[in-house]
Every structure is written in structure tokens, then in C-alpha cells.
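Read off the chains here:
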Amino acid sequence: TQLLEQSPQFLSIQEGENLTVYCNSSSVFSSLQWYRQEPGEGPVLLVTVVTGGEVKKLKRLTFQFGDARKDSSLHITAAQPGDTGLYLCAVGNQFYFGTGTSLTVIP
Amino acid sequence: DTGVSQDPRHKITKRGQNVTFRCDPISEHNRLYWYRQTLGQGPEFLTYFQNEAQLEKSRLLSDRFSAERPKGSFSTLEIQRTEQGDSAMYLCASSLGVDSYNSPLHFGNGTRLTVT
């Protein structure tokens with residue numbers, strides 16, 4: 001069983017659309033990180049959330065940590081082709097990763 | 001460039017052969033991690049080191065896999081008697097400290113292994 005389930009697994013949208021991806025678990029975490037990975041490269045950190053209910057914004061990306069610190073969401077406003085990539089959530093000192101959401105933004 | 005480097009970038013080997021990959025972390029980072037990733041999936045944790053000590057090893061890691069970090073700097077991951085199911089991207093990452101909040105992972109670009 002996966003510690004972190006991400007949904008949807010695949011997402012293909014037109015440029016300019018909004019989208020939300022989710023990271024869910026039955027466990028409680030002290031912090032959670034979001035990474036983005038482009039083909040042929042390693043994942044790169046986007047943000048770390050720590051407090052239940054916390055919302056962080058990074059330009060057009062909005063990250064939220066669930067009140068119970070078991071889940072998180074990533075919302076992208078007005079998606080651009082440069083947002084294309086694999087979005088990953090991760091937890092723990094061992095950095096266990098979720099199953100990932102592969103996003104394609106079509107120009 | 002002072003990022004995490006991995007060598008080789010690509011490795012093609014025949015089933016049954018042994019392979020070894022190298023990872024050079026960011027120099028001041030004391031934690032080093034190995035992951036395996038298949039296409040479109042999230043990285044799967046294999047093992048990690050604090051300096052030269054191997055602190056945790058995934059139960060999914062068979063005894064054909066071994067990792068070392070002898071001097072607390074670079075690390076090697078060896079796979080013995082490779083199988084086709086070992087074909088994947090092997091990622092290395094490093095971090096500065098103990099607290100994941102203050103010490104995110106910095107990844108290399110991986111070694112892609114193909115077992116024929």
C-alpha cells in the first residue's frame with residue numbers, strides 16, 4: 001500500500017485553465033513537501049508546508065496543507081506549458097514520495 | 001556546478017551482470033538518499049545515509065542491492081545479478097540536516113539503467 005496517494009494520476013489541460021491536484025494519506029505528518037520533476041531531471045522542491053490549514057502561494061501555484069495534516073492540495077491558476085511535469089508530494093525524514101501526478105499543459 | 005552529480009547517466013547491461021552507480025552529493029550535505037523511479041511514477045525510497053552510517057534500508061530492497069558511503073562523501077549503489085525488473089531510473093539526493101522541513105532534498109539527474 002502506498003503511504004501517499006496522489007490524484008489524478010494523469011492530467012492534460014489547455015493553456016489558461018485552472019487545475020487542482022491532491023495528495024492524500026491516512027497518516028498524520030509534521031510537514032509535507034511538493035516537488036516538480038521534468039523529463040530527464042531529478043525532482044525540484046517547490047514548497048514545504050508545516051502547519052495544519054496552512055496556505056502558501058508561489059506565483060500561480062497555491063499549496064494547502066489539510067487541517068489534520070493528512071493531506072495537501074496544489075492549485076495552479078492559468079496553467080502554462082512551462083508547468084508541464086510530474087508533481088510529487090513527499091513526507092518524512094526518509095522523504096517518502098507519492099504516486100505522482102503527470103501534468104501536460106497544451107499550448 | 002556544486003549540485004548533486006551521478007555517474008553514469010545511462011547504463012545498458014545484460015541480465016545477470018553486476019552494475020555500480022556513483023553519486024557525489026553537495027559537499028556540505030551529510031544526508032544522502034537513493035531512490036528508484038519507473039516512468040510516470042514517484043521515486044521509490046531505497047536507502048539513506050547520515051554521514052557514513054546507513055540509517056534505513058527499504059524492505060523492498062532485495063539482497064542483490066547494496067549501497068555504501070565509506071567516507072561520508074560520495075556513495076555507490078551496486079546491483080548484483082541484474083534482472084529485467086531492475087530497469088529504472090536510479091536517483092540520488094542529498095540534504096543538509098535532520099529536519100526535513102529545513103533541509104529539502106537536492107536531486108541529481110539520475111542514472112537510467114536498462115537490463116536486456
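Look up a bit, the structure's there.
Quick look at the structure, then.

Rules behind the numbers
- Residues numbered from 1 in each chain as written.
- Chains lettered and ligands numbered in written order.
- Predicted model: local features only at pLDDT ≥ 70, side-chain atom pairs only at ≥ 80, totals over all residues.
- Heavy atoms only, no water.
- Helix = DSSP H or I, 4+ residues; strand = E, 2+ residues; numbered from the N terminus.
- Contact = heavy atoms within 4.5 Å.
- Polar contact = N/O pair within 3.5 Å; in protein donor to acceptor, adjacent residues only side chain to side chain.
- Disulfide = S-S within 2.5 Å.
- Buried < 20%, exposed > 50% of the residue type's maximum accessible area, 1.4 Å probe, protein only.
- Buried area = accessible area lost by both parts, 1.4 Å probe.
- Salt bridge = Lys/Arg side-chain N within 4 Å of Asp/Glu carboxyl O.

**So, the environment of Gln54 of chain B**
All names here are of chain B. Looking at where Gln54 falls in the secondary structure, it is placed in strand 6 (residues 53-57). Between the C-alpha atom of Gln54 and that of Gln37, which follows or precedes it by 17 residues, the distance is 20 Å. Not counting residues within four places of it along the chain, the set of residues in contact with Gln54 comprises Thr47, Tyr48, Phe49 and Ala67. One polar contact links Gln54 to Thr47, side chain to side chain, over a distance of 2.7 Å.

**Describing the state of the cysteines**
With the rule as written, the count across this model stands at 2 disulfides over all chains. Across the disulfide, Cys23 of chain A is cross-linked to Cys89 of chain A (sulfur-sulfur distance 2.1 Å). Across the S-S bond of Cys23 of chain A and Cys89 of chain A the torsion is about 80 degrees, and the bridge reads as right-handed. In this pair, Cys23 of chain A sits in strand 3 (residues 19-24) while Cys89 of chain A sits in strand 9 (residues 85-91), placing the two residues 66 residues apart along the sequence. We note that Cys23 of chain A, like Cys89 of chain A, is buried. The side chain of Cys23 of chain B participates in a disulfide bridge whose partner is Cys92 of chain B; the two sulfur atoms lie 1.8 Å from each other.

**Considering the interface of chain A and chain B**
Listed as interface residues are 22 residues of chain A and, on the opposing side, 23 residues of chain B. Each partner contributes to the roughly 1,800 Å² buried at the junction of chain A and chain B, and carbon and sulfur atoms together form 53% of this total. For the chain A face of the interface with chain B, the top three residues by lost area are Asn93, Gln94 and Phe95 of chain A, together amounting to 29%. Where chain A packs against chain B, one counts 0 salt bridges.

**Regarding the side chain of Thr13 of chain B**
Assignment of secondary structure puts Thr13 of chain B in strand 2 (residues 10-13). Contacts of Thr13 of chain B, omitting those with residues within four sequence positions, involve Val19, Thr82, Leu113, Thr114, Val115 and Thr116 of chain B.

**Considering the pattern of salt bridges**
Scanning all chains against the criterion turns up 6 salt bridges over all chains. Of the charged contacts in the structure, one is a salt bridge between Glu54 of chain A and Lys56 of chain A, with a shortest N-O distance of 3.8 Å. Glu54 of chain A gets classed as buried once you look at its relative accessible area, which sits at 18%. Here Lys56 of chain A falls in the partly exposed class, since its relative accessible area comes to 26%. A salt bridge links Glu83 of chain B to Arg64 of chain B, with the nearest nitrogen and oxygen atoms 3.4 Å apart. You can see Glu83 of chain B sitting in the loop between strand 8 (75-79) and strand 9 (88-95) and its partner Arg64 of chain B sitting in the loop between strand 6 and strand 7 (65-68), a full 19 residues away along the chain. When its relative accessible area of 39% is taken as the criterion, Glu83 of chain B is described as partly exposed. Connected through shared salt-bridge partners, Arg64, Glu83 and Asp86 of chain B make up one network.

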